[in-house]
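Observations on chain architecture
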Amino acid sequence: METQDYLALEDRYAAHNYAPLDVILHRAEGVYVYDIQGKRYLDCLAAYSAVNQGHQHPRILQALREQAGTLALTSRAFRNDRFGPFCKKLSELLGYAKVLMMNTGAEAVETAIKAARKWGYEIKGIPEDQALILVFEGNFHGRTTTIVGFSTDEDARRGFGPFTPGFPVLPYGSLAEVEAFFEKNGPRVAAVLIEPIQGEAGVILPPKDFLPGLRRLCDQHQALLICDEIQSGLGRAGELLAHRAFGIRADAVTIGKALSGGLYPVSAFLADQEIMQVFTPGTHGSTYGGNPLACAVAEAALDVLVDEDLCARSKTLGAHFHQGLLAQGSPKVKEVRGMGLWIGLQLSEDAGPARPYCEALRERGILAKDTHGHTIRFAPPLVITKEQIDQALVQIGEVLT
Ligand SMILES: *Cc1c(COP(=O)(O)O)cnc(C)c1O
């Protein structure tokens, strides 16, 4: 079968809920993916940062293979010998006392929402069904009906209502508006839910004082600060948890994506005991959440992050990539944003939409994703080398001129 045949099959039999680039990938290794003709591409999306450790990382693959041949799923009705040790490792690595494992990112966010609300009622004393969770314009937290209900992306919302109430949306970066909201509604606010850096919105960094300001307001008004680190965390922004770069500690975090290095869907909600205690037997769960295969894969994925020092790599190589893009001085570039190996290149108005540039990059063996019309994002696996970045910079420079 040729590329056109695969496109025709997808067109005919698959839901059209994505508009992918027309490349049919067949295999991958490290920073490279290969299409059905054997053409090699540098992966500059890394599956939205799920593949921070690189494709088919041998250590993670080995863990997957071994555990798949031993014990894969018990459900949480019974215990398994991978779950406890993994929760300990994750808890100690990220510095939160308790772990609740789920599968997809959206489920971890749903877990965070449930935890925040129940904490609001049981600990803070918010009157029944009055809890509010503050969220921000441009947010992306997943695709469940509750979550898309507070999205500000019309495509994500339209036609899916009625939506879950209780999620006031405020401008990302405006501390004054958050403060005013708290002044009026503080007793009802259970939590603030935020991406420390907005990924899907186009790698948007908050003003420096925003997260510290939110921390202060949450403390003043006894509300939880919950950071969605599903894309920003685990090395992508150069830190295990991106929000720490702003000098604060969130009360709880969600992680996913790179938690498994791309080999299995694994997500988690982490918090200290004061929050996690709201979950008692029967109040929340997931058939696959915390299964032994997930634990084995995630344990190896975390080991790789630590042993290969991927946070530090992300920081240094990210700065190199960033500088390289700026140094090209292309008039087509309006702005280069980012932290670590997570870069949003915003095109100037007269450069036109980003998609054709991504298609031109694909022709030159680089896979990158446009987002929000005029931004190209570069987020390669963190195992990328300086030389590979330099090669990519040459191609990007040519596409931009
Ligand atoms: C990808 C993402 C999610 C959703 O994860 P899924 O695994 O696709 O459900 C949630 N929050 C953020 C910040 C993300 O980037």
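If you're wondering where the values come from, they're calculated on a predicted model, not measured in any experiment.

Turning our eyes to something else, we now look at the layout of surface pockets. In this structure, the second largest pocket spans a volume of roughly 500 Å³. Lining the second largest pocket are 21 residues, and of these Arg76, Val99, Leu100, Phe279 and His284 lie nearest its centre. Put simply, the parts of the chain that give the lining of the second largest pocket at least two residues each are helix 4 (83-94), strand 4 (98-102) and helix 10 (273-276). For the lining of the second largest pocket, the leading source of residues is strand 4, giving five residues. Partitioning the lining of the second largest pocket into residue classes produces 10 nonpolar, nine polar and two charged.

This structure, assessed with the given rule, holds five aromatic pairs. Taken together, a centroid distance of 6.2 Å and an interplanar angle of 80 degrees make the contact between Phe136 and Tyr172 edge-to-face. Separated by 36 residues along the polypeptide, Phe136 in strand 5 (residues 132-136) and Tyr172 in the loop between strand 6 (169-170) and helix 8 (175-185) bring together distant segments of the chain. The exposure classification of Phe136 matches that of Tyr172, with both residues buried. Taken together, the ring pairs connect Phe136, Tyr172 and Phe210 into an aromatic cluster. The ring of Tyr34 has Arg27 lying over it, and the distance from NZ or CZ to the ring centre is 4.0 Å. Just above the ring of Tyr32 sits the side chain of Arg40; from NZ or CZ to the centre is 3.9 Å.

What follows is about the nonpolar core. Core analysis: the biggest nonpolar cluster contains 96 residues, and Leu90, Leu214, Leu259 and Phe378 have the highest contact counts within it. The element best represented in this core is helix 11 (residues 292-307), accounting for 10 residues. Counting 26 residues, the second-largest nonpolar core is a separate cluster that includes Ala112, Ile113, Phe150 and Val278.

Here we come to the site of the ligand. Taken together, Thr104, Gly105, Ala106, Phe140, His141, Gly142, Glu195, Asp228, Ile230, Gln231 and Lys257 make up all the residues around the ligand. For the ligand, a nitrogen atom lies 2.7 Å from a polar atom in the side chain of Asp228. In this structure, Lys257 approaches the ligand through a side-chain N or O atom, which is 2.7 Å from an oxygen atom. Of the residues belonging to the shell around the ligand, the class tally is three nonpolar, five polar and three charged.

Here helix 3 (residues 58-68) has its buried residues at Ile60, Leu61, Ala63, Leu64 and Gln67. Buried residues of helix 3, viewed axially, fall in a sector of 160 degrees; they line one side. Facing away from the buried side of helix 3 by more than 90 degrees, the exposed set consists of Pro58 and Arg65. Its buried side turned inward, helix 3 meets helix 11.

Parameters at a glance
- Residues numbered from 1 in each chain as written.
- Predicted model: local features only at pLDDT ≥ 70, side-chain atom pairs only at ≥ 80, totals over all residues.
- Heavy atoms only, no water.
- 1 Å grid on protein atoms, 1.4 Å probe; cavity = no way out; pocket = protein on both sides within 12 Å on 5 of 7 lines; lining within 4 Å.
- Points joined across faces, edges and corners; volume = space filled by probe spheres on them.
- Helix = DSSP H or I, 4+ residues; strand = E, 2+ residues; numbered from the N terminus.
- Nonpolar A, V, L, I, M, F, W, Y, C, P; charged D, E, K, R; others polar.
- Phe/Tyr/Trp six-rings, centres within 6.5 Å; stacked < 30°, edge-to-face > 60°.
- Buried < 20%, exposed > 50% of the residue type's maximum accessible area, 1.4 Å probe, protein only.
- Lys NZ or Arg CZ within 6 Å of the ring centre and 35° of its normal.
- Core = buried A, V, L, I, M, F, W, Y, C linked by side-chain atoms within 4.5 Å.
- Near = heavy atom within 4 Å.
- Polar contact = N/O pair within 3.5 Å; in protein donor to acceptor, adjacent residues only side chain to side chain.
- Arc of directions from axis to C-beta.
- Contact = heavy atoms within 4.5 Å.

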